[in-house]
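Each chain is listed here by its residues.
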Amino acid sequence: MDRQSAVSCQTPLETAWCVGRGNSPGPILLLGPPGVGKGTQAKEMGRLWGIPHISTGDLLRSNVTRGTSLGRIAQKIMNRGELVPDSLVCEIVSTRLQDPDTLCGCIFDGFPRTLSQAVWLENRLSALGFRSSIIAISIRMAQEQLLRRITGRRTCPVCQTVYNVNLNPPKREGFCDVDGAAVVQRTDDAEQVLNERVRTYEMLTAPVVEHYRALERFVSVNGDRSIGEVAVEIESAVARLRQERSENGGLCTRTEAY
Ligand code: AMP
């Protein structure tokens, strides 16, 4: 479905949702090594801007939990800390982009992770009618801090709230504050798998960061501060880059049609 037909299939509610967002930030990528806080920031920015957060890691884990054929293939690869083939990841992103909540923009977390995913995304967004260019935000952090964060990470399997046993523990040790479920460690957060994930990041994803830097659609922010401070810096960086490019995110200009 192209973006034009996606627009014409909208319900009045979806149209109203989009009309109110004339200054959407457009498509944003959050890049950075595992554990740097991309997911936390993506949720924060999604709330702020009223656009969805698309995490390929979450989409893949949801396929694993539901036992889909894609999930069965992905699980073994994810447990080794390697990347799932581009074709599978692009397929789930393509499906997610059909949902009308992406019409005014979205925040990608953990995607693209290879140069070929980056090229695919540029083409896909332009085919869907996105008018403003992708902006990439890279979050950076020192290696030992990353290790502390990721090996301490625990997630509630019920509501997906993320904790850190060192930095942000649940009130009752081992149990989620929201629903009381026992929190778990992601299998790929174990130290041996993490080393492979960091190696994969440096080999395959660092070139994606360089790609956007070369295109001058890139900003790097220091992730070793409070969630709020990092969020403020991301927000102002996106506004500055859009201004420099004389863009406002621009996706909702098709509201002229209504
Ligand atoms: P994340 O939650 O983003 O750390 O992703 C967890 C795992 O899912 C990664 O280690 C990969 O195995 C897989 N994965 C997530 N996003 C991608 C992607 N864009 N390309 C390939 N594999 C991915």
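A brief report on the enclosed structure follows. Computed from a predicted model, the values in this text were never measured in an experiment.

## Observations regarding the overall build of the protein chain
Moving on, step 1. Broken down by element type, the protein chain carries 10 helices and 7 strands.
Moving on, step 2. Per-residue burial for the protein chain yields a buried fraction of 47% across its 258 residues.
Moving on, step 3. Taking all contacts inside the protein chain whose residues are at least 6 apart in sequence as the whole, residues at least 24 apart take part in 73%.
Moving on, step 4. Accessible surface computed for the protein chain: about 12600 Å², of which carbon and sulfur atoms make up 53%.

## Re the nonpolar core
Moving on, step 1. Leu29, Val84, Leu97, Phe108 and Tyr212 are the most contacted members of the largest nonpolar core, which has 30 residues in total.
Moving on, step 2. Residue assignment for this core shows that the elements contributing at least two residues are β1 (28-31), α5 (69-79), α6 (86-96), α7 (115-127) and α9 (191-214).
Moving on, step 3. When near neighbours in sequence (up to four residues on either side) are disregarded, Leu29 contacts Phe108, Phe111, Pro112, Leu121, Ile134, Ile135, Ala136, Ile137 and Tyr212.
Moving on, step 4. With 21 residues, the next largest nonpolar core counts Leu30, Ala42, Val221 and Ile234 among its residues.

## Things to note about the site of the ligand
Moving on, step 1. Contacts to the ligand come from 16 residues, most closely from Thr56, Glu82, Gly110, Arg113 and Gln117.
Moving on, step 2. Arg197 is positioned such that a nitrogen or oxygen atom in its side chain is 3.0 Å from an oxygen atom of the ligand.
Moving on, step 3. Its free accessible area being 480 Å², the ligand has 96% of it covered by the protein chains.

## Examining the packing of aromatic side chains
Moving on, step 1. One pass over the full model with this rule turns up 2 aromatic pairs.
Moving on, step 2. Both rings, one in Phe108 and one in Phe111, keep their centres 6.1 Å apart while their planes meet at 45 degrees; by these two values the pair is tilted. Judged on exposure class, the residue Phe108 and its partner Phe111 are both buried.
Moving on, step 3. Look at Phe111 and Trp120: their rings are 6.1 Å apart centre to centre, the planes differ by 85 degrees, and that puts the pair in the edge-to-face class.
Moving on, step 4. With relative accessibility at 0%, the residue Phe111 sits in the buried group.
Moving on, step 5. Using a relative accessible area of 22% as the deciding quantity, one classes Trp120 as partly exposed.
Moving on, step 6. Lying over the aromatic face of Phe175, Arg172 brings its terminal NZ or CZ to 4.1 Å of the ring centre.

## Describing the environment of Val232
Moving on, step 1. In this fold, Val232 is placed in helix α10 (residues 227-244).
Moving on, step 2. Residues Val232 and Met45, spaced 187 residues apart in sequence, show a C-alpha to C-alpha distance of 9.2 Å.

Thresholds applied
- Residues numbered from 1 in each chain as written.
- Predicted model: local features only at pLDDT ≥ 70, side-chain atom pairs only at ≥ 80, totals over all residues.
- Heavy atoms only, no water.
- Helix = DSSP H or I, 4+ residues; strand = E, 2+ residues; numbered from the N terminus.
- Buried < 20%, exposed > 50% of the residue type's maximum accessible area, 1.4 Å probe, protein only.
- Contact = heavy atoms within 4.5 Å.
- Areas by Shrake-Rupley, 256 points an atom, 1.4 Å probe, with all protein chains shown as cover.
- Core = buried A, V, L, I, M, F, W, Y, C linked by side-chain atoms within 4.5 Å.
- Near = heavy atom within 4 Å.
- Polar contact = N/O pair within 3.5 Å; in protein donor to acceptor, adjacent residues only side chain to side chain.
- Phe/Tyr/Trp six-rings, centres within 6.5 Å; stacked < 30°, edge-to-face > 60°.
- Lys NZ or Arg CZ within 6 Å of the ring centre and 35° of its normal.

Keep in mind that these numbers describe shape and distance, not what the molecule does.
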